[in-house]
Amino acid sequence: LAKTTQPISMDSYEGQEVNITCSHNNIATNDYITWYQQFPSQGPRFIIQGYKTKVTNEVASLFIPADRKSSTLSLPRVSLSDTAVYYCLVGDKSSGNTGKLIFGQGTTLQVKP
Amino acid sequence: NAGVTQTPKFRVLKTGQSMTLLCAQDMNHEYMYWYRQDPGMGLRLIHYSVGEGTTAKGEVPDGYNVSRLKKQNFLLGLESAAPSQTSVYFCASSRPEAGSGLEQYFGPGTRLTVT
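Scoring rules and cut-offs
- Residues numbered from 1 in each chain as written.
- Chains lettered and ligands numbered in written order.
- Predicted model: local features only at pLDDT ≥ 70, side-chain atom pairs only at ≥ 80, totals over all residues.
- Heavy atoms only, no water.
- Pairing = 2+ DSSP bridges.
- Helix = DSSP H or I, 4+ residues; strand = E, 2+ residues; numbered from the N terminus.
- Axes fitted to C-alpha atoms, helices over the stretch in contact; angles between N-to-C directions.
- Core = buried A, V, L, I, M, F, W, Y, C linked by side-chain atoms within 4.5 Å.
- Buried < 20%, exposed > 50% of the residue type's maximum accessible area, 1.4 Å probe, protein only.
- Contact = heavy atoms within 4.5 Å.

(A) Spatial organisation of the sheet that holds strand E7 (residues 65–67) of chain B. All names here are of chain B. Across the sheet, four strands lie side by side as E1-E3-E8-E7; this open sheet has antiparallel pairing. Edge strands, defined here as strands with exactly one partner in the open sheet, are strand E1 (4–7) and E7. Between one strand axis and the next, the sheet turns by 20 degrees as a mean value, whatever way the strands run. Where strand E3 (residues 19–25) and strand E8 (residues 73–78) come together, six bridges link them in antiparallel fashion. Within E8, the position partnered with Met19 by the bridge is Leu78.

Below, the structure is given as structure tokens:
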């Protein structure tokens, strides 16, 4: 499983766009990039996944450059309720994968009023 | 659907006591996982199961045992609790389709304190 590196913490203000970048230099051909969100005293929640270019859903956008050695999670117009820890993970989505994930320390996002 | 549920939510044990944590899911998922999370750290995989009757070791399996007798349940046991096992324990499950293990659904967690 490829190792990921992301900032330990970030601060933002309500209404701003937040971009969290994750580095995964050793990503393999079959690896997908997955982001989870964890609120205090809750289990992590899957928010978005992608392989290349751009993926967007109702929660966030995920930008992946052509070399796939990094990815950026973009949260538009954050609110106080977006304060959470965000984890970037890289894993093999091919057949036979048992789904083992390696969670790093994540990025603690603090949104201020 | 209740999703993934965990029992109990909180527990305090004395060193040497034993206990079992129960995880149940109603989504017909094949894969199930047990993680632990220590303060300020990410989650670490303890054991996992890819189907009823099968289990495998994760990153930190020592001191824990698991069983998957029914597809919807995954039990985590501590035979002789130690203070180092004080942690928050999360159970998760994922869909049976090949390669879908990356999208896991987590329970609310069990906060365990060993004194």
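(B) View of the nonpolar core. Counting residues in hydrophobic clusters, the biggest one holds 20 residues, and the most contacted among them are Ile33, Trp35, Leu73, Leu75 and Tyr86 of chain A. Of all the secondary structure elements, the ones that give two or more residues to this core are strand E2 (18–23), strand E3 (31–38), strand E4 (45–50), strand E6 (61–64), strand E7 (70–75), strand E8 (84–92) and strand E9 (107–112) of chain A. Ranked by residues supplied to this core, first place goes to E8 of chain A with four residues. The residues touching Tyr86 of chain A, leaving out its near neighbours within four places in the chain, are Gln6, Ile20, Trp35, Tyr36, Gln37, Ile47, Leu73, Leu75, Gly106, Thr107 and Leu109 of chain A. Grouped together as the second largest cluster of nonpolar side chains are 19 residues, Leu13, Leu21, Cys23 and Trp34 of chain B included.

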